[in-house]
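A structural walkthrough
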Amino acid sequence: MSQDSAAEKNVPVIELRHVDKHYGDLHVLRDVSLTVARGEVLVVIGPSGSGKSTLCRTINRLETIDSGEILIEGEPLPQEGRELARMRAELGMVFQQFNLFAHMTILDNVTLGPREVLGQGKEEAERYAMELLERVGVGEQAHKVPAQLSGGQQQRAAIARSLAMRPKAMMFDEPTSALDPEMINEVLDVMVELARGGMTMVVVTHEMSFARRVADRVVFMADGQIVEEGSPDEFFDHPRTQRARDFLDSIKGH
Amino acid sequence: MGLTELLGTYGQNYLDGLLATWSMTAVSFIFVMVLAVLVTVARVSPVAPLRGLGELYVQVFRNIPGVALLILIAYALPQLRVVLDWRTCVIVTVVLLGSAFGSENFMSGINTIGVGQIEAARSVGLTFTQILRHIVIPQALRTTVLPMTNLLIAVMLTTALGSQVPLSPQELTGVVSYVNTRATGGILAFLISALGYVLTAFAISFVGNRIDKRVRILR
């Protein structure tokens, strides 16, 4: 119900208003405002230490903020407790280090959330989990434990784990940065598929070709600020700021 | 007194002693594990006073000599009108001491779980209790089989405190005092009991190693 009405009213899935955050003396997010519309793929890029990972992690409150507001479908992000857990369940999160549960099989990794949080039965949860694992190409690994999988397979399983919650949006925090080069594409391909399927996505990445190909909008961050945002073509071909030009120059040839 | 004569006369006492040691060890260890889990949950809980209480518990019972604690429980508690039978006194002592060490084992087990797994669990929408139940406690249990095996042996050895109170039947160490006040068994009377402890400890390690191999988490 709420999803329909929110969609009708064209409320952004994610909205940040004047978000500020410090780590001690370090001002990691400076007055960041951002909206992500339904079905939009937003790619966040910037040098390391620019606050882009922190930005990603504040959206489901893995990091708290000092001031400002974060709204999910127009509703403010709850503080703590059950309300927050429920909100988090609606936002998928994919981490740089995969973070699969080490003591469980891949299948159990994917079904844990649906069973515990959504109250699905074992059979229902496993059926959908297998469907997702097949879709990301690791169906045959379902009964192995994470350590038996390659990094690329683990990351794809982690994506399936997030998808199993039928999230309203997916966040990717440098999903390919910990991968060997030959495994990067298998993960990016899954993400491209998701984007084509209409998933709302926030992707923090250094994969510029992915950004160019898939992003609806690129946000460039530096020193905790959004320095520039625009369509991928605009940004990559005609960056408006010197910071962005320097950054793009520094990564050329990679 | 020679070995045959000792065993001929007091064999039954030794056997009863061994069984008493085993049963006190088993009962104590069950409570040790339950209490260790509870104390550890307190120590990682988001409630600061609860964390403090858990830390205090561990600091107190890890650092108090067993005999001192037994004397407090057996002879000081009755002043507060809490009178426990002798066997219970010994078990309570062993459980209080053992659970403090057990909780330390669990804490080191928990520290091997990456913070990333906890964040992933939170981002899936699991609550604090669900994360403990499905992620933290199972992994802490499975990574601490070997230290817990050592703890079980330590718990067994600690039940020898039972020799300081009039248990009936006596446990292995108490049997030695019993024998030596009636006959001149000397060192041999000790060796028989020692053999009971050592063989049991071997069996415990063997089983512990087997369990560890089965449940160890691949990383």
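Residues numbered from 1 in each chain as written. Chains lettered and ligands numbered in written order. Predicted model: local features only at pLDDT ≥ 70, side-chain atom pairs only at ≥ 80, totals over all residues. Heavy atoms only, no water.

1. Quick look at helix H6 (residues 151–163) of chain A
Here H6(A) contains 13 residues, and its C-alpha end-to-end distance of 18 Å stays within 8% of the 18 Å for a straight helix at 1.5 Å per residue. Counting buried residues along H6(A), 13 of its 13 residues qualify, which places the element largely inside the surrounding structure. (Helix = DSSP H or I, 4+ residues; strand = E, 2+ residues; numbered from the N terminus. Expected span 1.5 Å × (residues − 1). Buried < 20%, exposed > 50% of the residue type's maximum accessible area, 1.4 Å probe, protein only.)

2. Notes on the pairing of strand S8 (residues 200–204) of chain A
Within a regular strand, side chains alternate between the sheet's two faces. Residues and elements named next belong to chain A. A large share of S8 lies buried, amounting to five of its five residues. The alternating pattern of S8 places Thr200, Val202 and Val204 and Met201 and Val203 on opposite faces, both of which are buried. Across four bridges, the pairing between strand S3 (residues 41–45) and S8 is parallel. Bridged to Val41 within S8 is Met201. Alignment of strand S7 (residues 169–173) against S8, held across five bridges, turns out to be parallel. Among the inter-strand pairings, Ala169 is bridged to a residue of S8, identified as Thr200. Between the parallel elements S7 and S8, the chain passes through helix H7 (residues 181–196) in a crossover that is right-handed. (Pairing = 2+ DSSP bridges. Right-handed = clockwise from strand over helix to strand, strands pointing away.)

3. Thoughts on the nonpolar core
In summary, soluble globular proteins display a tendency toward joint burial of nonpolar side chains. Counting residues in each nonpolar core, the largest one holds 78 residues, and the members touching the most others are A:Ile14, A:Leu16, A:Val44, A:Leu55, A:Ile72 and A:Met171. Here this core takes 10 residues from helix H4 (residues 86–111) of chain B, the largest share from any one element. If we ignore the near neighbours within four places in the chain, the residues touching A:Val44 are A:Lys52, A:Leu55, A:Val202, A:Val203, A:Val204, A:Thr205, A:Val219 and A:Met221. With 51 residues, the next largest nonpolar core counts A:Val94, A:Ala164, A:Phe172 and A:Met183 among its residues. (Core = buried A, V, L, I, M, F, W, Y, C linked by side-chain atoms within 4.5 Å. Contact = heavy atoms within 4.5 Å.)

4. Section: the pattern of salt bridges
In this structure the tally under the stated criterion is 23 salt bridges over all chains. With a closest N to O distance of 3.3 Å, A:Glu126 and A:Lys122 form a salt bridge. Of the two residues, A:Glu126 and A:Lys122 are both situated in helix H5 (residues 122–135); the distance of four residues between them amounts to about one turn of the helix. With its nearest N and O atoms 2.7 Å apart, the salt bridge here joins B:Arg62 to B:Glu104. (Salt bridge = Lys/Arg side-chain N within 4 Å of Asp/Glu carboxyl O.)

5. Regarding the sheet that holds strand S2 (residues 26–36) of chain A
What the four strands build is an open sheet, ordered S2-S1-S4-S5 (chain A); its pairing is antiparallel. Since the sheet does not close on itself, it has two edges, and those belong to S2 and strand S5 (75–76) of chain A, each with one partner.

6. What about the packing of helix H1 (residues 3–44) of chain B against H4(B)?
Residue and element names in this part refer to chain B. Relative orientation of the contacting elements H1 and H4 amounts to 45°, with a least axis distance of 6 Å. By the angle class used here, H1 and H4 are oblique. Helix-helix and strand crossings are classified by hand; for H1 and H4 the assignment is right-handed. Here the contact of H1 with H4 is composed, by residue class, of 17 nonpolar, seven polar and three charged. (Axes fitted to C-alpha atoms, helices over the stretch in contact; angles between N-to-C directions. Parallel < 35°, antiparallel > 145°, perpendicular 65-115°, else oblique. Left-handed = near helix turned anticlockwise from the far one by under 90°. Nonpolar A, V, L, I, M, F, W, Y, C, P; charged D, E, K, R; others polar.)

7. Quick look at a nonpolar patch on the surface
Where nonpolar side chains cluster on the molecular surface, the patch consists of B:Val47, B:Leu50, B:Leu53, B:Leu56 and B:Val60 and spans about 440 Å² of accessible area. Inspection of the secondary structure puts B:Val60 in helix H2 (residues 48–62). (Patch = residues over 30% accessible without salt bridge, like charges linked within 9 Å, V, L, I, M, F, W, Y side chains within 5 Å. Areas by Shrake-Rupley, 256 points an atom, 1.4 Å probe, with all protein chains shown as cover.)

8. Re unusual backbone geometry
A cis geometry characterises the amide bond from B:Ser168 onward to B:Pro169, with omega recorded as -5°. Among the structural elements, B:Pro169 can be located in the loop between helix H7 (145–158) and helix H8 (172–182). Positive phi is not limited to glycine here, since A:Asn99 has a value of about 55°. Mapped onto the fold, A:Asn99 is located in the loop between strand S6 (91–94) and helix H4 (106–116). You can call A:Asn99 buried: its relative accessible area is 11%. A positive phi angle, near 45°, is found at A:Arg166, a position not held by glycine.

9. Remarks on the interface of chain A and chain B
At the junction of the two partners, chain A supplies 26 residues and chain B supplies 20 residues. The tally of links between chain A and chain B comes to one salt bridge. The salt bridge partner of B:Glu119 is A:Arg57, with a shortest N-O separation of 2.6 Å. Where chain A packs against chain B, one counts eight residue pairs in polar contact (both at pLDDT 80 or more). Looking at the side of chain A that touches chain B, the elements that each hand over two or more residues are helix H3 (81–89), S6 and H4 of chain A. For the side of chain A that touches chain B, the element with the most residues is H3(A), which contributes four residues. Here the residues of the side of chain A that touches chain B are counted per class, giving 15 nonpolar, five polar and six charged. (Polar contact = N/O pair within 3.5 Å; in protein donor to acceptor, adjacent residues only side chain to side chain.)

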